[in-house]
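Single-letter residue listing:
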Amino acid sequence: MVAVCVLAAAPLARADLVQKKLPKSAPGPGGVAVDAAGVVYLSWQSLDEHLHYMRIANGKKQDQVVDPLPETGARSSLALDSAGRPHIVYYGVRGDPPLPRLVYAHISGYVYQDNDLNDGRYANAIALDAQDRPHVVQSLATGPVSWTLEYLHRDDTGWVREQPAGLSTWEDSMSLALDADGHAHIAMMRDTRRPAY
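Just so you know, these numbers come straight off a predicted model, no measurement behind them.

## Here we look at the overall build of the chain
Then, number 1: What the chain contains, in helices and strands, is one helix and 15 strands.
Then, number 2: Expressed as a percentage of the 197 residues in the chain, the buried residues total 38%.
Then, number 3: A sequence separation of at least 24 residues applies to 30% of the contacts in the chain between residues at least 6 apart.
Then, number 4: Accessible surface, the chain as shown: approximately 11,400 Å² in total, 55% of it carbon and sulfur.

See below:
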């Protein structure tokens, strides 16, 4: 894991690094993806607690509110499908009584569709397989100070949820990548606050 972190950090040390500033309404952090043409896609929760999505191409920013419901957009993660359409997971308050829920959204043109996936409010990540099906991981609370890894993926019948035994997590960041065979690779913090793969 250290080697991956070092390799990922190396390009950021370049002298020609270009920085883009988000609107002042963005508390961050959020999701980021870049397509083959170099177009940058971002997702984040604004200060008024809505999920925003931005496309940056040729120096021009296109910003839109994806989820207009209050208290949405926290801890968003973003992936692009083969057609360049964004898929986002994030937390939003839903239901009666209102509770934090993991939400999956995808944007096709200007049409936004979402699905509430599960209770949650902690770390998450998304990746898409070769068929553009979403795979999601999250740190799911199992007690006041305990979390477990939950792995969700979509098949032809709907969402499949798995909680691999013995994988207790911490509430902070995690990341997800799929290999050529569609197997999930996850980096996370364990409940001992040590990194794990």
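## A short note on the pairing of strand β2 (residues 40–45)
Then, number 1: Of all six residues that make up β2, five are buried, and the element is covered over most of its length.
Then, number 2: Where strand β1 (residues 31–34) meets β2, four bridges bridge the pair, whose relative direction is antiparallel. Within the sheet, the bridge partner assigned to V32 lies in β2 and is L42.
Then, number 3: Remark: five residues form the turn of the hairpin made by β1 and β2, two consecutive strands paired antiparallel; G38 in that turn has positive phi of roughly 85°.
Then, number 4: Relative to strand β3 (residues 51–57), β2 is paired through six bridges, and the arrangement is antiparallel. Within the sheet, the bridge partner assigned to Q45 lies in β3 and is L51.
Then, number 5: Here β2 hands over to β3 after five residues, with E49 in that stretch at a positive phi of 65°.

## Points about the sheet that holds β3
Then, number 1: Strand order in the open sheet formed by four strands is β1-β2-β3-β4, and the pairing between neighbours is antiparallel. Unpaired on one side and paired on the other, β1 and β4 (60–67) mark the two borders of the sheet. Strand after strand, the sheet turns through a mean of 15° between neighbouring axes, direction not considered.

## Considering the nonpolar core
Then, number 1: By size, the foremost hydrophobic cluster in this structure holds 14 residues, and its most contacted members are Y41, I88 and Y90.
Then, number 2: Of all elements in the fold, only β3, β5 (72–80), β6 (86–94) and β7 (99–108) reach the threshold of two or more residues within this core.
Then, number 3: Once you skip the residues sitting within four places of it in the chain, I88 turns out to touch S43, L51, S76, S77, L78, V103, Y104, A105, I107 and I126.

## Notes on the side chain of D81
Then, number 1: Position of D81 relative to the elements: it lies in the loop between β5 and β6.
Then, number 2: One polar contact links the side chain of D81 to the main-chain amide nitrogen of A83, over a distance of 3.0 Å.
Then, number 3: Separated by 2.9 Å, the side chain of D81 and the backbone nitrogen of R85 make a polar contact.
Then, number 4: Apart from residues no more than four positions distant in its own chain, D81 is found in contact with H87, L128 and D132.

## A look at the pattern of salt bridges
Then, number 1: Per the stated rule, a full pass over the model turns up three salt bridges.
Then, number 2: Where D67 meets R94, a salt bridge forms, and the shortest distance between an N and an O atom there is 2.5 Å. Residue D67 is found in strand β4, and its partner R94 is found in strand β6; the two are separated by 27 residues along the sequence.
Then, number 3: Accessibility expressed as a relative area gives 1% for D67, which makes it buried.
Then, number 4: Look at R94 and you get buried, because its relative accessible area is 11%.

Rules behind the numbers
- Residues numbered from 1 in each chain as written.
- Predicted model: local features only at pLDDT ≥ 70, side-chain atom pairs only at ≥ 80, totals over all residues.
- Heavy atoms only, no water.
- Helix = DSSP H or I, 4+ residues; strand = E, 2+ residues; numbered from the N terminus.
- Buried < 20%, exposed > 50% of the residue type's maximum accessible area, 1.4 Å probe, protein only.
- Contact = heavy atoms within 4.5 Å.
- Areas by Shrake-Rupley, 256 points an atom, 1.4 Å probe, with all protein chains shown as cover.
- Pairing = 2+ DSSP bridges.
- Axes fitted to C-alpha atoms, helices over the stretch in contact; angles between N-to-C directions.
- Core = buried A, V, L, I, M, F, W, Y, C linked by side-chain atoms within 4.5 Å.
- Polar contact = N/O pair within 3.5 Å; in protein donor to acceptor, adjacent residues only side chain to side chain.
- Salt bridge = Lys/Arg side-chain N within 4 Å of Asp/Glu carboxyl O.

In short, the description is geometric, and any link to function would need to be established separately.
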